[in-house]
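# Observations on chain architecture
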Amino acid sequence: MKTLCESLAVILMKEFIRLFGGYKIDWKKIFFAGAIMTASCVMLQMFILNDPLDMWFLSLPVAIPSDKPLNSSLSLNKTSTEARVKRLQIISGAPIVSPNPPIDLNLSVPIMPVAALVPPRGKSRRRRKDSKVDNMSKVVPPSPPPRRTVPSRMQKFIWSLTPKEALVYAKKEVEHAPSVMEDDPDLYAPIFRNVSVFKRSYELMELILKVYIYRDGARPIFHQPHLRGIYASEGWFMKLMEENRQFVTRDPEKAHLFYLPYSMRQLGMALYVPNSHNMKPLSIFLRDYTNTIAAKYPFWNRTHGSDHFLVACHDWGPYTLTAHEELTKNTIKALCNADTSEGIFVARKDVSLPETTIRTPRKPLRNVGGFRVSQRPLLAFFAGNMHGRVRPTLLKHWQDKHEDMKIYGPLPLRVSRKMSYIQHMKSSKFCICPMGYEVNSPRIIESIYYECVPVIIADNFPPPLSDVLDWSKFSVAVAEKDIPKLREILVAIPMRRYLTMQINVKMVQKHFLWNPRPIRYDLFHMILHSIWSSRLNQIQIPES
């Protein structure tokens with residue numbers, strides 16, 4: 001056989017020399033033609049074969065009934081297939097993946113025997129439109145099922161506690177919070193009263209807290225958030241709370257807090273008679289709602305409402321609660337109108353809610369940010385309507401008195417054409433935030449948004465989230481009686497201190513932002529943490 005092959009080769013070689021010996025051969029053209037033919041063959045292979053060559057020659061899947069044992073011939077085929085798989089694994093270390101892998105695909109997926117990929121008899125495989133994908137799925141094993149998150153020992157311990165026991169445990173932990181030894185990239189210690197206590201309390205909130213939201217109440221007053229304007233905080237909190245899956249529970253027996261999901265803004269729009277100056281219908285409505293909750297469920301009466309909370313940003317928020325004594329005195333109230341002089345808002349129990357102006361609900365973070373200090377030529381700026389006792393006094397003393405202090409009533413059109421309200425705030429070192437009819441003002445948070453140091457003029461007003469934030473590090477508080485000394489107070493602040501305060505304003509900004517999808521330490525979580533902290537303050541630790 002060998003001799004015959006050699007003879008044929010010699011004959012073919014002599015014939016080749018005889019035919020082409022007298023011609024001049026252009027080897028470059030032959031090489032070029034050969035390259036084109038090689039590339040064409042490769043492309044043809046890619047289009048004809050659905051799988052790579054190493055996968056193609058492994059073996060075609062063998063349909064084996066799952067209820068019958070393998071015979072000897074099939075066992076031999078399986079053995080040879082496994083041998084090929086083993087050989088190819090040595091040749092190529094690249095993993096075989098499906099054409100549409102999941103995001104969390106494990107790239108070290110082992111190649112399984114073909115027999116293990118054959119579906120059980122009686123279950124038809126749905127044919128895909130793309131034949132390539134369908135053929136590939138016959139060879140590549142399916143991705144493993146997602147792993148279940150194994151609860152930690154701490155989570156199992158927390159789950160074993162009753163809600164009251166969990167709160168007692170959390171309070172003990174907060175009271176003995178370890179000092180934060182290293183910087184947390186998400187927390188800037190100088191702006192907090194005690195960053196170690198806050199961090200530990202926040203971690204426990206994430207681990208423990210469950211909130212039950214009452215499903216009672218009809219729209220628009222209940223479950224319909226108002227997301228635009230200066231009272232948008234209550235609407236954004238409602239929206240994000242009801243969409244939340246981490247803290248919300250459907251089992252009230254597991255809840256540590258109970259949320260009364262009404263909108264003060266929607267309540268006023270639905271029930272208030274314009275120009276009547278009568279809030280009694282609103283108070284009666286909330287009284288009847290609270291009595292309905294207390295009669296229908298056992299949870300209110302267990303604590304007389306002390307583990308229930310509400311969130312109201314409208315100026316009338318505190319006054320609409322007075323028709324129900326327990327609603328007024330016992331519930332945790334997150335209020336923008338946090339006036340400690342009226343006896344409704346109680347410091348350390350209630351939460352001073354930030355009043356945020358949202359102009360575009362689809363883009364709540366629009367225009368956030370400001371100019372550097374060198375681009376802030378103005379010392380101070382204010383513009384707004386003349387209502388309340390403080391603002392007329394401010395204009396009386398400081399309107400048109402100094403070129404670097406722009407103090408207006410409503411911003412004049414001739415001025416706004418040259419520089420908008422927001423541009424004024426971004427161009428000022430200090431932004432004046434006087435109270436209006438009530439102690440709260442949206443300018444406080446606007447100042448933080450535009451990185452302008454806020455100057456708060458409102459007696460008896462604890463600034464927003466002041467239970468955890470140290471406002472003296474990034475704002476200036478001026479007593480109402482000191483308005484005539486306003487410029488003197490601001491000019492006396494050393495530049496080094498101002499620069500520190502301005503940096504702190506930038507660092508605290510993240511804690512006052514509404515994110516369409518909440519992130520750690522943003523405004524939604526900060527408000528919820530203050531409510532959680534208020535609940536912990538109520539807990540009495542047994543002496544034993």
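The coordinates are above.
To keep things clear, this report deals only with the structure shown in the data block. (Residues numbered from 1 in each chain as written. Predicted model: local features only at pLDDT ≥ 70, side-chain atom pairs only at ≥ 80, totals over all residues. Heavy atoms only, no water.)

### Details of the pairing of strand β6 (residues 378-382)
Judged by how many residues are buried, β6 sits mostly within the fold: five of five residues are covered. Pairing of β6 with strand β8 (residues 428-434) involves three bridges; the strand directions are parallel. Each residue of the ladder has a partner; that of Ala380, found in β8, is Phe430. In this sheet, strand β7 (residues 405-407) lies alongside β6 in parallel orientation, the contact comprising three bridges. Directly across from Ala380, in β7, lies its bridge partner Met405. (Buried < 20%, exposed > 50% of the residue type's maximum accessible area, 1.4 Å probe, protein only. Helix = DSSP H or I, 4+ residues; strand = E, 2+ residues; numbered from the N terminus. Pairing = 2+ DSSP bridges.)

### Examining the packing of helix α7 (residues 163-175) against helix α8 (residues 195-208)
Here α7 crosses α8 at 160°, and the two axes come no closer than 9 Å. In this view, α7 runs roughly antiparallel relative to α8, as classed from their interaxial angle. Crossing of α7 against α8: the hand is right-handed. On α8, the residues that touch Ala166, Tyr169, Ala170, Glu173 and Val174 of α7 are Val197, Arg200, Ser201, Leu204 and Ile208. Grouping the constituent residues of the contact of α7 with α8 by class yields seven nonpolar, one polar and two charged. (Axes fitted to C-alpha atoms, helices over the stretch in contact; angles between N-to-C directions. Parallel < 35°, antiparallel > 145°, perpendicular 65-115°, else oblique. Left-handed = near helix turned anticlockwise from the far one by under 90°. Contact = heavy atoms within 4.5 Å. Nonpolar A, V, L, I, M, F, W, Y, C, P; charged D, E, K, R; others polar.)

### Quick notes on the sheet that holds strand β5 (residues 351-352)
Spatial strand order, β1-β2-β3-β4-β5: five strands in an open sheet with parallel pairing. Single-partner strands in this sheet number two, and they are β1 (211-213) and β5. Here β1 runs beside strand β2 (residues 257-259); their pairing, made up of three bridges, is parallel. Looking across to β2, one finds that Val211 is bridged to Leu257. In the packing of helix α20 (residues 523-538) onto the sheet, the strands contacted are β2, β3 (308-312), β4 (332-335) and β5, and the crossing angle to β4 comes to about 150°.

### Section: the pattern of salt bridges
Summed over the entire model, instances satisfying the criterion amount to 18 salt bridges. The partner of Asp288 in a salt bridge is Arg287, and the shortest N-O contact between them spans 3.2 Å. Looking at Arg287, the relative accessible area reads 31%, which means it is partly exposed. (Salt bridge = Lys/Arg side-chain N within 4 Å of Asp/Glu carboxyl O.)

### Topic: the pairing of β3
Across the five residues that make up β3, a large majority, five, are buried. With burial as the criterion, each face of β3 is covered, one bearing His308, Leu310 and Ala312 and the other bearing Phe309 and Val311. Both β2 and β3 contribute to a ladder of two bridges, which runs parallel. Each bridged residue has a counterpart across the sheet, and for Phe258 the counterpart in β3 is His308. As paired elements, β3 and β4 share four bridges and run parallel to each other. Bridge pairing links Ala312 to Leu335 in β4.

### Digging into helix α19 (residues 495-508)
The terminal C-alpha atoms of α19 lie 20 Å apart, and with 14 residues this matches the ideal 20 Å at 1.5 Å per residue to within 8%. Three or more residues of α19 are buried, namely Tyr498, Met501, Gln502, Asn504, Val505 and Val508. Angularly, the buried residues of α19 cover 160° about the axis, an arc narrow enough to put them on a single face. (Expected span 1.5 Å × (residues − 1). Arc of directions from axis to C-beta.)

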